[in-house]
Structures are given as C-alpha cells and as structure tokens.
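Residue-level structure breakdown
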Amino acid sequence: QVQLVESGGGLVQAGGSLRLACVASGSSFSNNAMGWYRQAPGSQRELVATISSRYTGYSTNYADSVKGRFTISRDNAKNTVYLQMNSLKPEDTAVYYCNMRSPPSGMDYWGKGTLVTVSL
C-alpha cells in the first residue's frame, strides 16, 4: 500500500523560487524511481523531472522547459523526493504531482497534487 503526499505549493511571483516535497509511505523507497509531473489548466499532464532508483544510481533527467531552473533530489532516509524550482515563470503554473515507479512491474503510483501559481 503506497501513499504519496505532496507539499510546498503556493503563489509566487515570476522570478521567484519554491521547493516542493513528496513523502512516500508503504514501500522500500530507495528501490523506486521517483518523479514530478505537472498539469497546467487545459493541458495534458507532462513530465517535469525524474530521479532513478538505487539500482541505476539515482540518475536524473529533466524536461527541456525546466533544465537549468529546476532540481530534483531525494533523501532516502526520509522517504522524500524534492523539486527545487528557481526562476519561476507564469507558464510553470500547474498542479504538480509526485510519481513513484516501483519494480519489478514498473507500476506507477501518484499523489493528489499540489498547486503552484506563478504571477506576473
């Protein structure tokens, strides 16, 4: 039984920063790849950033739209994945969802989301 709980969303001005956190329960955290996705109003859900499991060395990747601005990290002792968001733009406004991908099946689990609003 996996549960993912996001926090850290809110309202921020363009150019500002925000840090999201996702706490996972019900799984061996380091075995799982983690990620952040977002869904803007009227748009499809899209990948923002991922960080792989201990089996593949916690490697990271990012959407082109956030490279150089966002950083994904994980603290395995706290069962937590973070998304540090800098130089925020209005187009970053979205609901941000935490994702866990679990071996061996590759099953995906999702949090309920946290809203990030970037004002002009």
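Everything discussed here concerns the structure shown above.
Reference entry: report on the structure contained in this document. (Residues numbered from 1 in each chain as written. Predicted model: local features only at pLDDT ≥ 70, side-chain atom pairs only at ≥ 80, totals over all residues. Heavy atoms only, no water.)

**Notes on the overall build of the protein**
Threshold: To qualify as a helix, a DSSP run of H or I must reach at least 4 residues; to qualify as a strand, a run of E must reach at least 2; elements of each kind are numbered from the N terminus. Just to be clear, the radius of gyration here is over C-alpha atoms, and the globule rule we use is 2.2 Å times residues to the power 0.38. Buried means the residue's accessible area, taken with a 1.4 Å probe over protein chains only, is under 20% of the maximum for its type, while exposed means over 50%, and partly exposed covers the values in between. We call two residues contacting when some pair of their heavy atoms lies within 4.5 Å. The method behind every accessible area is Shrake-Rupley, applied with a 1.4 Å probe, and residues are considered shielded solely by the protein chains displayed. The convention is simple: Lys and Arg are positive, Asp and Glu are negative, and His and the chain ends are not counted. The atom standing in for a charge is NZ when the residue is Lys, CZ when it is Arg, CG when it is Asp and CD when it is Glu.
A count of helices and strands for the protein gives zero helices and eleven strands. Secondary structure elements in the protein, listed N-terminal to C-terminal, are β-β-β-β-β-β-β-β-β-β-β. Taken over the C-alpha trace, the protein has a radius of gyration of 14 Å; the compact-globule value for 120 residues is 14 Å, and the two agree within 12%. With respect to the three principal axes, the spread of C-alpha positions in the protein is 45 × 25 × 25 Å. When burial is assessed residue by residue, the protein has 42% of its 120 residues classed as buried. Excluding contacts between residues fewer than 6 apart, the proportion of contacts in the protein whose partners are at least 24 apart in sequence is 54%. Just so you have it, the protein exposes about 6300 Å², and 49% of that area is on carbon and sulfur atoms. Charge separation in the protein, taken as the distance between the mean sites of 11 positive and 7 negative side-chain charges, equals 5 Å.

**Things to note about the pattern of salt bridges**
Selection rule: We define a salt bridge as a contact between a side-chain nitrogen of Lys or Arg and a carboxyl oxygen of Asp or Glu at a distance within 4 Å.
Counted under the stated rule, the structure contains five salt bridges. Put simply, Lys-67 and Asp-64 hold a salt bridge, and the shortest N to O gap is 3.2 Å. The pair formed by Lys-67 and Asp-64 is uniform in burial state, with each residue classed as exposed. Through salt bridges that share partners, Arg-38, Glu-46, Arg-69 and Asp-92 make up one connected network.

**Topic: the sheet that holds strand β7 (residues 70–75)**
Heads up, the condition is: Pairs of strands are assigned from DSSP output, requiring at least two bridges between the strands. Angular values range over 0 to 180 degrees, each being the angle between N-to-C directions of two axes fitted as lines to C-alpha atoms, with helices fitted over their stretch in contact.
If you trace the four strands from one edge of the open sheet to the other, you get β1-β3-β8-β7, paired in antiparallel fashion. Two strands lie at the open edges of the sheet, namely β1 (3–7) and β7, each paired on one side alone. Put simply, the sheet's adjacent strands are angled 15 degrees from each other on average, direction ignored. Pairing geometry for β1 and strand β3 (residues 18–25), over five bridges, is antiparallel.

**Observations concerning the environment of Asn-86**
Under the convention used in this document: Pairing of N or O atoms within 3.5 Å defines a polar contact, subject to two protein rules: one partner must be a possible hydrogen donor and the other a possible acceptor, and residues neighboring in sequence count only if both atoms are side-chain atoms.
With respect to the helices and strands, the residue Asn-86 is situated in the loop between β8 (80–85) and β9 (94–102). The class of Asn-86 is partly exposed, set by a relative accessible area of 30%. With 68 residues separating them along the chain, Asn-86 and Leu-18 place their C-alpha atoms 6.7 Å apart. Sequence-distant contacts of Asn-86, defined by excluding residues within four places in its chain, comprise Gly-16, Ser-17, Arg-69 and Phe-70. Side-chain polar atoms of Asn-86 contact the side chain of Gln-84, separated by 3.0 Å.

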